[in-house]
Amino acid sequence: MRASIRLTSLAVFLPLALHAQSRTVSDAVRPFVSVEADLVALTHVRLVDGTGAAPRSDQTIVIDGEGIIAVGNAGDVRIPAGAEEIDLSGHTVIPGIIGLHDHMYYSSVGGSMKFMPFSYPRLFLGNGVTTIRTTGSVATYDELNLRAVIERGEAIGPEIYVTGPYLQGGDLSGLRMHPVAGPEDARRMVRYWAEEGVGWFKAYNQISRAELGAAIDEAHKHGVKVTAHLCSVGFREAVALGIDNLEHGLLTNSEYWPGKQPDACPAVPSTAMYGELDVASDAVQQTIREMVANDVSMTSTLAVMELSSPSRVPVDQRVLDALFPAARASVSNYYEQGRTSDDEMSVRVLQKAMQFERDFVRAGGLLGAGSDPCCVSAMAGFADQRNYELLLEAGFLPETAVQIMTLNGARILGAGDRIGSIEPGKQADLVVIRGDPTTTPGDIRNVVTVFRRGIGFDSAKLIESVNGQVGIR
Ligand SMILES: [Zn+2]
């Protein structure tokens with residue numbers, strides 16, 4: 001009986017798997033597809049290829065099926081017979097964004113950490129984010145299943161690197177997390193979810209060194225990596241425990257707090273401490289040196305960090321349009337109050353965080369980026385685009401900001417050979433942008449077409465299709 005059921009399931013699912021390989025577009029996806037040809041030539045583009053190389057004008061990119069087969073100067077690249085040629089004069093092409101801290105949930109008056117399986121995948125893809133790591137999951141099976149239906153071509157969205165449930169100790173954490181009760185419990189949790197297929201874990205702000213060390217050890221035994229948004233444990237302690245990546249940067253490193261107790265968050269949080277911190281000091285630079293020496297990468301999340309400085313958060317009408325009415329009113333109010341907010345210290349703190357990221361990269365650190373689209377105006381895709389402007393403000397060149405948001409993220413995921421840059425042999429994940437974000441940063445929002453695995457999606461249609469839905473589904 002059991003055997004026959006299994007055979008039946010195979011018979012049903014095998015063709016679906018092959019279906020995805022042949023990149024056929026399903027009926028659910030087709031209304032959003034604008035380029036479906038097998039052979040496509042994008043001509044006369046300004047290219048920022050993700051490797052950190054300077055922007056190049058008048059380039060031709062040839063896509064065959066799921067892959068990029070040629071990139072070069074117009075005139076040097078032969079356009080194959082039968083290719084659909086798209087003249088992109090006046091446009092810029094960047095690799096698909098790799099969102100390294102891109103949750104599939106949003107918190108609003110509609111609910112805390114609410115899973116967004118409908119709106120978020122469309123907003124990510126529509127805004128040019130072709131790959132995400134969820135970096136803290138409260139609906140892990142949902143994320144694994146969503147990943148599977150997207151890969152089958154039955155739903156629209158980015159490729160998802162699913163992260164296990166938060167590794168968080170302490171209290172019941174808003175009812176969304178299992179409270180880790182000791183090192184053995186941490187190992188048990190990691191083992192279970194590693195076997196279920198997650199590739200990453202995120203430790204959270206209440207965890208002991210013993211629990212974190214056990215989780216890292218168990219994860220590595222299963223070929224799984226660990227990142228963290230820390231508080232109770234300092235960065236250097238986590239580096240010594242063998243962590244792979246650290247989220248958010250300076251403002252989640254508690255080790256500079258005077259009187260910090262081991263395994264505990266500082267008792268009286270105050271932005272002032274970071275505002276007064278000398279990033280050039282030996283204590284801070286030592287953290288950076290130890291991270292770099294131990295190959296610990298970092299995720300920049302400037303867009304969500306900026307939320308603490310509401311006076312400088314730009315009003316994004318697209319964010320308001322995407323929200324359901326009650327949440328729209330709440331975010332609208334946030335924007336409104338922000339205009340007159342007295343947040344001078346928070347602004348200074350944000351600048352320190354930018355300096356820390358700049359120094360980390362200068363020291364040879366591998367920096368990726370993610371939007372942390374958790375709440376308020378930090379929303380899927382839109383916040384990833386805001387990151388680009390903030391990385392420029394932090395002092396990175398446009399091509400370096402693009403590299404941080406693309407190839408660096410791919411390398412952190414261990415997928416740098418497949419995605420993250422526009423080069424022959426890479427998967428055809430790329431973003432067509434009207435204008436030139438290298439000279440006009442805000443142009444990063446003018447996404448026209450997003451290619452994922454060689455299929456071009458209509459950005460405007462994807463974004464429009466979720467109007468009024470964020471916060472609900
Ligand atoms: Zn987060």
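Rules and cut-offs
- Residues numbered from 1 in each chain as written.
- Predicted model: local features only at pLDDT ≥ 70, side-chain atom pairs only at ≥ 80, totals over all residues.
- Buried ≥ 20, exposed ≤ 12 C-beta atoms within 10 Å, placed from the backbone.
- Helix = DSSP H or I, 4+ residues; strand = E, 2+ residues; numbered from the N terminus.
- Expected span 1.5 Å × (residues − 1).
- Arc of directions from axis to C-beta.
- Contact = placed C-beta atoms within 7 Å.
- Domains from an automatic or database assignment.
- Nonpolar A, V, L, I, M, F, W, Y, C, P; charged D, E, K, R; others polar.
- Pairing = 2+ DSSP bridges.
- Axes fitted to C-alpha atoms, helices over the stretch in contact; angles between N-to-C directions.
- Core = buried A, V, L, I, M, F, W, Y, C linked by C-beta atoms within 7 Å.

Q: When you look at helix 2 (residues 119-126) in this model, what are you seeing that I'm missing?
A: Residue pairs three or four apart in sequence face the same way in an α-helix, which turns once every 3.6 residues. Of all 8 residues in helix 2, 8 are buried, a share of seventy percent or more. What helix 2 keeps buried is the set Ser119, Tyr120, Pro121, Arg122, Leu123, Phe124, Leu125 and Gly126.

Q: Sorry if this is basic, but what is going on with helix 4 (residues 183-196) here?
A: For helix 4, spanning 14 residues, the distance from its first C-alpha to its last is 20 Å, which sits close to the expected 20 Å at 1.5 Å a residue. Turning to helix 4, its buried residues are Ala186, Met189, Val190 and Trp193. The buried residues of helix 4 occupy one face: seen down the axis, they fall within an arc of 95°. Opposite the buried face of helix 4, at more than 90 degrees from it, the exposed residues are Tyr192 and Glu195. Where the residues of helix 4 are buried, they touch helix 3 (140-151), strand 12 (200-203) and helix 5 (209-221). Phi turns positive, to about 110°, at glycine 197, one or two residues after helix 4.

Q: Please explain the environment of valine 93 as it appears in this structure.
A: Relative to the helices and strands, valine 93 resides in strand 6 (residues 91-95). The buried category is assigned to valine 93, around which 21 C-beta atoms lie within 10 Å. Sequence-wise, valine 93 and isoleucine 404 are 311 residues apart; in three dimensions their C-alpha atoms are separated by 16 Å. Excluding anything up to four places from it in sequence, valine 93 contacts Leu42, Val45, Leu47, Ile61, Leu88, Ile422, Leu430, Val431 and Val432.

Q: Please explain the domain arrangement of the chain as it appears in this structure.
A: Buried accessible area, meaning the area lost when the parts come together, often serves as the stated size of an interface. Domain annotation for the chain reports domain 1 (30-92 + 433-456) and domain 2 (97-412). Centre-to-centre, using C-alpha coordinates, domain 1 lies 30 Å away from domain 2. Facing the 17 residues of domain 1 at the interface are 17 residues of domain 2. Looking at the side of domain 1 that touches domain 2 residue by residue, the class counts come to 10 nonpolar, 5 polar and 2 charged.

Q: Explain the sheet that holds strand 7 (residues 97-99) here, please?
A: Strand pairing in a sheet takes place through backbone hydrogen bonds and is either antiparallel or parallel in direction. A sheet is described by the order of its strands in space; here 3 strands give the open sequence 7-10-11, paired in parallel fashion. The outermost strands of the open sheet, each flanked by one partner alone, are strand 7 and strand 11 (159-161). Geometrically, the sheet is characterised by an average inter-axis angle of 20° between neighbouring strands, direction not taken into account. Bridge count for strand 10 (residues 129-133) against strand 11 is 3 bridges, and the pairing is parallel. Bridge pairing links threonine 131 to glutamate 159 in strand 11.

Q: Please explain the nonpolar core as it appears in this structure.
A: When a protein is soluble and globular, its nonpolar side chains tend to lie buried together. If you look at the biggest cluster of nonpolar residues, it comprises 128 residues, and the most contacted ones within it are Val93, Leu167, Ala215 and Met379. No other element matches the 7 residues that helix 12 (residues 344-362) contributes to this core. For leucine 167, the contacting residues outside a window of four places in its chain are Val180, Ala186, Met189, Phe201, Lys202, Ala203, Tyr204, Ile207 and Ala215.

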